[in-house]
Amino acid sequence: MSAPTMTSSQNASQHRTAVLDAEIQQDPAGFRMLTGDRPTGALHVGHYFGSLQNRIRLQDAGVDVLVVIADYQALTDRTLQADLPEVVTGLLADYLAVGIDPRRASIFAHSQVTSLNQLLLPFLSLVSVAEISRNPTVKAEVTTAGLAAMSGLMFTYPVHQAADILFCHANLVPVGLDQLPHLEIARTIARRFNDRYSPGAAYFPEPRALLSAVPVLLGTDGQKMSKSRNNSVPLRATADETAQLIARAKTDTDMVIRYEPERRPEVASLVMLTALCRGCTPQEVADEVGGRGAAALKTAAIEAVNERFAPVRARRRDLAADPGYLRAVLAGGNERANAIADETLGAVRSLMHQQY
Ligand code: TRP
């Protein structure tokens, strides 16, 4: 898959991201960031370079960070399994191992925050079925998951995601291109709520997208790297597992390694992964491997990943050995999220004249 082609509105979003980045540097305390992941498997190197690194950068800059473990959203295309608690604590271990710091960031699961979920009802009243139907990301997910029918939850999950974002008055949402339509729905809901129930003094901020600049890394099968596609290099993989995974990655028959993302996406992705791990340019990696071909490129990629993530993996092993600590971190995050959500729901009821 080649890099997604940008539409003019996506270009505009990228411009807004540059402006926003400068504002964050000026006044980090003026921002609250909300983002998150579905608990569907292990976080991988694509997550790290595509979003986790960015979250840590914002946290370290002094932005208030909230991270949602989207366990209801995981229900859009699967049935949850009895091993969900282990998946959730595994996700927590991934977060903490890469440097999300529970003293500065709150990690919570949205199923544990009752008032957040109740916001779905008023929010649903603010969008039309036609608007939700147009969402290209929902359509793509239905197709990718090969679902015979779309559940009501799948159909409305962008509205639920708006509740994730707005319950805590987040004004900053770091996302990939595919999430922009959802952010647009959240902004629409905030605006309409304010117009209808709080004219004069906006109650909800319109959250802004911070687009991640890093290109999507491909999975070992040449498709988008995804924790549910079984084609990723997990952060928690051992050095040996990493070697096995990268050794089987799809490449091509051209012996000379060059960085040509349009023409040779699989090779370019391995070059990029190596460059990201080493902190150099893809061009430097391609020049170094050159005529030694795909096997040498894979060796370089394996070494680079293993070296870059050795400290993260060591920390993660320690964290995984202490599930009680991981559960306590989540309980703390849930507690804070509940306090915020209860206050928001109280204000929303009051603005909607639902106090009797
Ligand atoms: N939709 C996101 C994903 O699939 C996860 C998510 C849930 C999220 N709620 C969110 C992301 C709120 C940003 C903000 O990866």
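Above this text is the structure in question.
So, here is what we can say about the structure in this document. Just so you know, these numbers come straight off a predicted model, no measurement behind them.

This part takes up the nonpolar core. Among the nonpolar cores identified, the biggest contains 60 residues, and Val45, Ile69, Tyr95, Leu172 and Phe309 are the most heavily contacted of them. If we skip the residues at most four places from it in the chain, Phe309 touches Val45, Tyr48, Phe49, Leu235 and Cys277. Counting residues in hydrophobic clusters, the runner-up holds 39 residues, among them Val68, Leu116, Ile165 and Ala209.

A separate point is a nonpolar patch on the surface. Together, Tyr72, Leu75 and Leu80 make up an exposed nonpolar region whose accessible area comes to about 210 Å². If you trace the backbone, Tyr72 turns up in the loop between β2 (64–69) and α3 (84–98). The exposure class assigned to Tyr72 is partly exposed, which follows from its relative accessible area of 33%.

Our focus in this paragraph is the site of the ligand. What surrounds the ligand is the set Leu34, Thr35, Gly36, Arg38, Val68, Ala70, Gln73, Gln161, Asp164, Ile165, Val173 and Gln179. One of the side-chain nitrogen or oxygen atoms of Gln73 is found 2.7 Å away from a nitrogen atom of the ligand. Within the side chain of Gln161, an N or O atom sits 2.9 Å from a nitrogen atom of the ligand. Protein contact buries 89% of the 360 Å² of open area that the ligand shows by itself. Every element with two or more residues in the shell around the ligand is listed here: β1 (32–37) and α8 (152–166). For the shell around the ligand, the per-class residue count stands at five nonpolar, five polar and two charged.

Basis of the calculations
- Residues numbered from 1 in each chain as written.
- Predicted model: local features only at pLDDT ≥ 70, side-chain atom pairs only at ≥ 80, totals over all residues.
- Heavy atoms only, no water.
- Core = buried A, V, L, I, M, F, W, Y, C linked by side-chain atoms within 4.5 Å.
- Buried < 20%, exposed > 50% of the residue type's maximum accessible area, 1.4 Å probe, protein only.
- Contact = heavy atoms within 4.5 Å.
- Patch = residues over 30% accessible without salt bridge, like charges linked within 9 Å, V, L, I, M, F, W, Y side chains within 5 Å.
- Areas by Shrake-Rupley, 256 points an atom, 1.4 Å probe, with all protein chains shown as cover.
- Salt bridge = Lys/Arg side-chain N within 4 Å of Asp/Glu carboxyl O.
- Helix = DSSP H or I, 4+ residues; strand = E, 2+ residues; numbered from the N terminus.
- Near = heavy atom within 4 Å.
- Polar contact = N/O pair within 3.5 Å; in protein donor to acceptor, adjacent residues only side chain to side chain.
- Nonpolar A, V, L, I, M, F, W, Y, C, P; charged D, E, K, R; others polar.

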